[in-house]
Amino acid sequence: AHPADSDGDGVPDALDNYPNDPTRAFNTYYPSKALFGSVAFEDLWPLKGDYDMNDLIVDCMYNLVTNVQNSVVDIQPEYYVLDAGAKENNGFGIKFYNIASGQVASVTGCSVKNSLVSIASNGVENGQEKAVIIPFDNFNNVVHRPSGYNSGFFNTDPGIPRGYGDTLKIFIHLNSPIPSASMGLPPFNPFLIKDRVRKTEVHLVDHLPTSLADRSDLGTGDDNSNPATGNYYKTSKNLPFALDIPVKFEYTIEKTPVIQGYNFFSSWSQSKGIQYADWYNDNQGYRVKSRIFK
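The shown structure was predicted, so the numbers you read here are calculated from the model rather than taken from an experiment. (Residues numbered from 1 in each chain as written. Predicted model: local features only at pLDDT ≥ 70, side-chain atom pairs only at ≥ 80, totals over all residues. Heavy atoms only, no water.)

Asks: Could you clarify how one ought to interpret the side chain of Asn63 in this entry?
Replies: Positionally, Asn63 belongs in strand β3 (residues 56-66). The contacts of Asn63, once residues within four sequence positions are left out, are Tyr18, Asn27, Thr28, Tyr29, Asp74, Ile75 and Gln76. (Helix = DSSP H or I, 4+ residues; strand = E, 2+ residues; numbered from the N terminus. Contact = heavy atoms within 4.5 Å.)

Asks: In this structure, what is going on with the sheet that holds strand β5 (residues 91-100)? I would like to understand it.
Replies: Consider a sheet: its strands pair through backbone hydrogen bonds, and that pairing is either parallel or antiparallel. Sheet architecture is open: 4 strands sit in the order β7-β5-β12-β13, paired in antiparallel fashion. Two strands close off the open sheet at either side, each with one partner strand: β7 (130-136) and β13 (201-203). Looking at each pair of strands side by side, their axes are set apart by 30° on average, direction ignored. Relative to strand β12 (residues 189-193), β5 runs antiparallel, the two being bridged by 5 bridges. What sits directly across from Lys95, in β12, is Asn189. (Pairing = 2+ DSSP bridges. Axes fitted to C-alpha atoms, helices over the stretch in contact; angles between N-to-C directions.)

Asks: I'm lost on the pairing of β12 in this one. Help?
Replies: Within β12, 5 of the 5 residues are buried, which leaves it mostly tucked inside the rest of the structure. Residues Asn189, Phe191 and Ile193 point to one face of β12 and Pro190 and Leu192 to the other, with burial holding for every one of them. One ladder, built from 3 bridges, connects β12 with β13; its direction is antiparallel. Bridge assignment links Phe191 to a residue of β13, and that residue is His203. (Buried < 20%, exposed > 50% of the residue type's maximum accessible area, 1.4 Å probe, protein only.)

Asks: Would you mind going over the pattern of salt bridges with me for this structure?
Replies: One side chain can pair with another of opposite charge once the charged atoms of both are near each other. Applying the stated criterion across every chain yields a total of 12 salt bridges. For Glu125, the salt bridge goes to Arg198, with nearest N and O atoms at 2.7 Å. Placement of the pair is Glu125 in the loop between β6 (104-108) and β7 and Arg198 in the loop between β12 and β13, with a sequence separation of 73 residues. In this pair, the class of Glu125 matches that of Arg198, namely buried. (Salt bridge = Lys/Arg side-chain N within 4 Å of Asp/Glu carboxyl O.)

As structure tokens, then:
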């Protein structure tokens, strides 16, 4: 006897995450179903500033829902603010590499409160060639501070009790499935929107700004970006202005540069990621533990 296949998509019910839906078959999680990764930003870009890399840290988890042809039908990210060591009202966006704005059918679950961003009827940001979503336009709208601490830094001062961030469960449905191989990998191209100035974006190393970014900021201050050579968002010594870490980041205390808390961060960044790719782990000799936020 053949194993049961209720929706007739060719995937047996026992292996099908959606046994009654022929358009969906599998969930694929990043970093995993039970774990979040972190993206961390230095918001003084194009200046290095205090380089504590904790001005905004967003924890991320993605579920890519695919069909039997291994094409993506839905993207279901979850985000929450882990910390915000900045007085700026920073926002957070995601640019998808190979999804055009018009390929998105709908987006739900974002926190957009200001007129800072213009959202199209299908839920992506207007004026973008590639699909861009804005999970939140101001982190203050998605965090809960401890009682009695209504302003200032969030989860970076050891003398202040911890608050918590809302988990934003976002659902992106595509007009038609997109092959997994052409989607690019999570966390895609996350970026910080600096203090409600939409044109000022901070991205991961060598990740392109969106259509709405002011490119005249590139290559100024401490930033060594050169679009002609494909170099973006790093200093002359290859120090990044944003980090993508596949585990929950244990960041340094406010005003403590990340390079003073993590002994091999500089080796990692200056070798372009070849040496000490696991610099963020709690291995013997990797950390100065007194400088890590508990």
